[in-house]
Amino acid sequence: MSVPRSIVARIERDDSSYSSAARSVSQTVLSAPEIAPVRGYEDVSKLTIHDDAIDFVYLAKLETEARSGTAQALAKVVAAHYVAAQFLAGKGSIDAAVDHYRQALVYAPDNVGLLLNLAVLYLHESQFSAALDPLEHAREVTPDSGAEAAAVAKLMGWAYYGANKMDRAIEEWKRSEQLRADPEVEQALAKAERDAAEEEAYREGDTAHFMLKYYGGAAPELAHDILRALEDDFRDIESELDYTPPEQISVILYTEQAFADITHAPGWVGALNDGRLRIPVQGLSSVTPELARVLKHELTHSFITQKTHGRAPTWLQEGVAQWMEGKRSNAVAGALLDAVSRRSVPSLGSLEGPWMGLPASAVSFAYPWSLAVTESIVEQGGIGDISRLLDKLAESSSAEEAVRDALHCDYADLEQQTVVYLKREYLE
Ligand SMILES: [Zn+2]
């Protein structure tokens, strides 16, 4: 049985999933290749999704008709599952979307458009090994040349890059470039080659949850101690946030110079999480209290990014990361309340996006204010409220809507609650 490839409209890219500061530098997100639009099945998509919901009765009817085995009936049920998958992915219901792709693939196992769409969904979720399955199958059923072969290689490169298999990523992106010039692939390839050259000198470490690379000049005990600290932090954060990231997390330890060279981050960023934890170690030989805080802070970002599918506002990312590393507002509460009364504290709405572009003066309030807001949420409803808020963020259309759903208040209430909290907790 076969279904025309043209049945798959195109691969959607959701830019909003990568809005947090944690992702704003050295993005590894590529745009997805476009596949020719559906022709003749617009009626199926209208009947499958209406009134902002999936019509499961209609889907069941198509399933029954598909048993007849006619090409038309099969094409329709594939189109319907595809539309349902896109609809659910747009709502943030990733697992359910994957289910519908899988069901569509039962009827059209060799449909390259479906396979690539499914892979892109996994890639956006940082599930790199899961993404390789459909990609490998797509490669088997695709000719060795042409736009589709280039698209498969592009996405395979992304999957290998994310999984920290730099040589394979470079190989795939080179293949993609040979098949079809693509400025994005060219850029990603250049970055991967820079990373690979730098990391050649690094020795590797591997544990259940982490894949660690560190500068060859560092003491071997440091790598060992860092992995042990990270494993402890992993268990802590896992139980506090009630979440287990599905993939091994990459950690790269840099000397200060190498760190600045590779990331081009502004001077005030001490460490960075762009999907991998990039930590400057500056010739340390053991895990100092400062380094321990940095490790836990950056690891918290990884958990939050994955739990929210990349939808956490920056104030919550930084608030929770500071809270997890053990920071509290005691030393700054007075100054913060002064700043609030002078109206020089940025609003939560203005702290949702990346902070990389903020002037240093704004950043100096943004961090303590985000921490204070997080403290007040935890004081009000426990760390469980943070966990629930993160779950809501994964499926809400805006951060404030998630706050309303999970905490039953809006940004203005939350800001007011934080002021009251700071006064009561630290000034009385
Ligand atoms: Zn941070």
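Above: the structure in question.
Source: prediction; values computed, not measured.

A. Examining the overall build of the protein more closely. Looking only at helices and strands, one finds 18 helices and 7 strands in the protein. Considering the protein as a whole, with its 428 residues, one finds that 54% of them fall into the buried category. For the protein, restricting intrachain contacts to residue pairs at least 6 apart in sequence, the fraction spanning at least 24 positions comes to 67%. When the accessible surface of the protein is split by element, carbon and sulfur atoms take 50% of a total near 18,600 Å².

B. Structural context of the coordination of the zinc ion. For the zinc ion, the protein coordination sphere consists of His 297 (NE2), His 301 (NE2), Glu 318 (OE) and Glu 318 (OE), at 2.1 to 2.7 Å. In primary sequence terms, the donor set of the zinc ion follows H-x3-H-x16-E. Of this pair, His 297 sits in helix 12 (residues 289-307) while Glu 318 sits in helix 13 (residues 314-325); the two residues are 21 residues apart in sequence, bridging distant segments of the chain. Glu 318 matches His 297 in its accessibility class, with the two residues each being buried.

C. The nonpolar core, seen in detail. In terms of nonpolar packing, the biggest core is built from 64 residues, with Leu 114, Leu 116 and Trp 173 touching the most fellow members. Residue assignment for this core shows that the elements contributing at least two residues are helix 2 (56-66), helix 3 (71-90), helix 4 (94-107), helix 5 (112-124), helix 6 (128-141), helix 7 (147-162), helix 8 (166-179) and helix 9 (183-199). Counting residues per element, this core draws most heavily on helix 3, at 13 residues. One finds Ile 279, Trp 315, Met 324 and Ile 377 within the second-largest nonpolar core, a separate group that totals 60 residues.

D. Looking closely at unusual backbone geometry. A positive phi angle is found at Asp 52, which is not glycine, with a value near 55°. Tracing the backbone through its elements, the reader meets Asp 52 in the loop between strand 1 (49-50) and strand 2 (53-54). Positive phi, normally seen in glycine, also occurs at Arg 343, with a value near 60°. Checked against the element boundaries, Arg 343 lands in the loop between helix 14 (333-341) and helix 15 (360-381).

E. Examining the pairing of strand 7 (residues 277-280) more closely. Taking every second residue as pointing to the same face, both faces of strand 7 are buried, with Leu 277 and Ile 279 on one and Arg 278 and Pro 280 on the other. Two strands pair when backbone bridges link them, and strand 5 (residues 249-254) and strand 7 are joined in this way by 4 bridges, in the parallel orientation. Note on strand 7: the bridge partner recorded for Tyr 254 is Pro 280.

F. Representation of helix 6 in the model. Here helix 6 is 14 residues long and its end C-alpha atoms lie 21 Å apart, about the 20 Å a rise of 1.5 Å per residue gives. Buried within helix 6 we find Phe 128, Ala 131, Leu 132, Pro 134, Leu 135 and Ala 138. Packing partners of the buried residues in helix 6 comprise helix 5 and helix 7.

G. Molecular detail of the pattern of salt bridges. Inspection of the entire model under this criterion finds 15 salt bridges. Residue Asp 232 pairs with Arg 235 through a salt bridge whose shortest N-O separation is 2.8 Å. Note that Asp 232 and Arg 235 are positioned in helix 10 (residues 220-241) at a spacing of 3 residues, about one turn of the helix. Where Glu 379 meets Arg 424, a salt bridge forms, and the shortest distance between an N and an O atom there is 2.8 Å. Taken together, the residues Glu 379 in helix 15 and Arg 424 in helix 18 (residues 411-427) connect sequence positions 45 residues apart. Note on Arg 424: relative accessible area 40%, which makes it partly exposed. Several salt bridges share partner residues, and in doing so they unite Arg 139, Glu 172 and Arg 175 into one network.

H. Up close: the environment of Ala 131. Take Ala 131: it is sitting in helix 6. Exposure remark for Ala 131: the relative accessible area of 0% places this residue in the buried category. For Ala 131 and Leu 115, which are 16 residues apart along the polypeptide, the C-alpha to C-alpha distance reads 9.3 Å. Excluding residues within four positions of it along the chain, Ala 131 makes contact with Ala 119, Tyr 122, Leu 123 and Ala 159.

I. Examining the packing of helix 5 against helix 6 more closely. The interhelical angle for the contact between helix 5 and helix 6, taken along N-to-C directions, is 160°, at an axis separation of 8 Å. Between helix 5 and helix 6, the interaxial angle falls into the category roughly antiparallel. Classified by chirality, the crossing of helix 6 by helix 5 is left-handed. In contact with Val 112, Leu 115, Leu 116, Leu 118, Ala 119, Tyr 122 and Leu 123 of helix 5, helix 6 contributes Phe 128, Ala 130, Ala 131, Pro 134, Leu 135, His 137, Ala 138 and Val 141. The class makeup of the residues in the contact of helix 5 with helix 6 is 14 nonpolar, 1 polar and no charged.

About the cut-offs
Residues numbered from 1 in each chain as written. Predicted model: local features only at pLDDT ≥ 70, side-chain atom pairs only at ≥ 80, totals over all residues. Heavy atoms only, no water. Helix = DSSP H or I, 4+ residues; strand = E, 2+ residues; numbered from the N terminus. Buried < 20%, exposed > 50% of the residue type's maximum accessible area, 1.4 Å probe, protein only. Contact = heavy atoms within 4.5 Å. Areas by Shrake-Rupley, 256 points an atom, 1.4 Å probe, with all protein chains shown as cover. Donors = N, O, S within 2.8 Å, 3.2 Å for Na, K, Ca; no water. Core = buried A, V, L, I, M, F, W, Y, C linked by side-chain atoms within 4.5 Å. Pairing = 2+ DSSP bridges. Expected span 1.5 Å × (residues − 1). Salt bridge = Lys/Arg side-chain N within 4 Å of Asp/Glu carboxyl O. Axes fitted to C-alpha atoms, helices over the stretch in contact; angles between N-to-C directions. Parallel < 35°, antiparallel > 145°, perpendicular 65-115°, else oblique. Left-handed = near helix turned anticlockwise from the far one by under 90°. Nonpolar A, V, L, I, M, F, W, Y, C, P; charged D, E, K, R; others polar.

Purely geometric stuff here, so don't read any function into it on its own.
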